[in-house]
Every structure is written in structure tokens, then in C-alpha cells.
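Tertiary structure, described
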Amino acid sequence: MSRQLIPCIRNLSECFNKDIHDNDFSQRIHRFEKIKSHLPENAIIGYLGDSENLSYEENSVNHALTQYALAPIIVLRSDTLETIIADSQNSIDTIKWKMLYSWNNLMLLKRK
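The text that follows walks through the structure, step by step, so that each part is easy to find. Keep in mind the model is a prediction, meaning the values are calculated, not measured.

1. Digging into the environment of Lys 98
In this fold, Lys 98 is placed in strand S4 (residues 97-103). When the C-alpha positions of Lys 98 and Lys 112 are compared, they lie 6.0 Å apart, and in sequence the two are 14 residues distant.

2. Digging into the sheet that holds strand S1 (residues 44-48)
What the 5 strands build is an open sheet, ordered S2-S1-S3-S5-S4; its pairing is mixed. The sheet is open, and its two edges are formed by strand S2 (74-76) and S4, each paired on a single side. Across the sheet, the mean angle from the axis of one strand to that of its neighbour is 30°, orientation sign disregarded. In the sheet, S1 pairs with S2 via 3 bridges, with the strands oriented parallel. Among the inter-strand pairings, Ile 45 is bridged to a residue of S2, identified as Val 75. Against the sheet, helix H4 (residues 56-70) contacts S1, S2 and strand S3 (83-87), and its axis sits at roughly 160° relative to S2.

Cut-off values and rules
- Residues numbered from 1 in each chain as written.
- Predicted model: local features only at pLDDT ≥ 70, side-chain atom pairs only at ≥ 80, totals over all residues.
- Heavy atoms only, no water.
- Helix = DSSP H or I, 4+ residues; strand = E, 2+ residues; numbered from the N terminus.
- Pairing = 2+ DSSP bridges.
- Axes fitted to C-alpha atoms, helices over the stretch in contact; angles between N-to-C directions.
- Contact = heavy atoms within 4.5 Å.

Here is the structure:
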């Protein structure tokens, strides 16, 4: 697990080092505010990125931003948990997942 965290931490630090006038970071963080209000503070949830359209590094940055935005909620890069966030434009298996909330290409899903 620690090997997976190293690129996330490195890439997240690169996000913080961007030009202070770059609104992309704050806009990406803001996307999660409505989702966060639907989760308990002690939740541990999974994360599905857009693996079809983004590189591993881009997905690592998105996962790290998700973890940062939802803290203290723990966000694992996994779809094996009961509740997950899908940060993707791809379709989701509706047989396997029930949609709890959707906003701005973010989906909060619960395993059926």
C-alpha cells in the first residue's frame, strides 16, 4: 500500500506548488463538498477514477485530491468497499451499484 501512496503524495505536492492564481485546484476540491455532506466523518470509502481516459499519474492526483477534499474520511483506491466515489465519465454497473448521489461527474455509490 505504501508504494501506491508515494506517487499520490508527490503529485499532490505538485498541485500545491501550482500558481496561486490557478483556480483548477480549488474548483476540483469544491466538487466534493456536496458529496462529503452525505458521508459520516468516520467513513472509509473506495475510489474509482477514470482509468479509460486518464493516465495512472492523473488518476493518482485525482485520488489524492479526493482524499484531501474529503478528510477526515478515508478514501482508498479500491472498488471492494461497500461505498465508493466514482470520479468518472464512464458508465457504472447498475446491477452491482446503487446510486446514492450524483453531481458534476462524481457519483456516490453503494454496493447492492
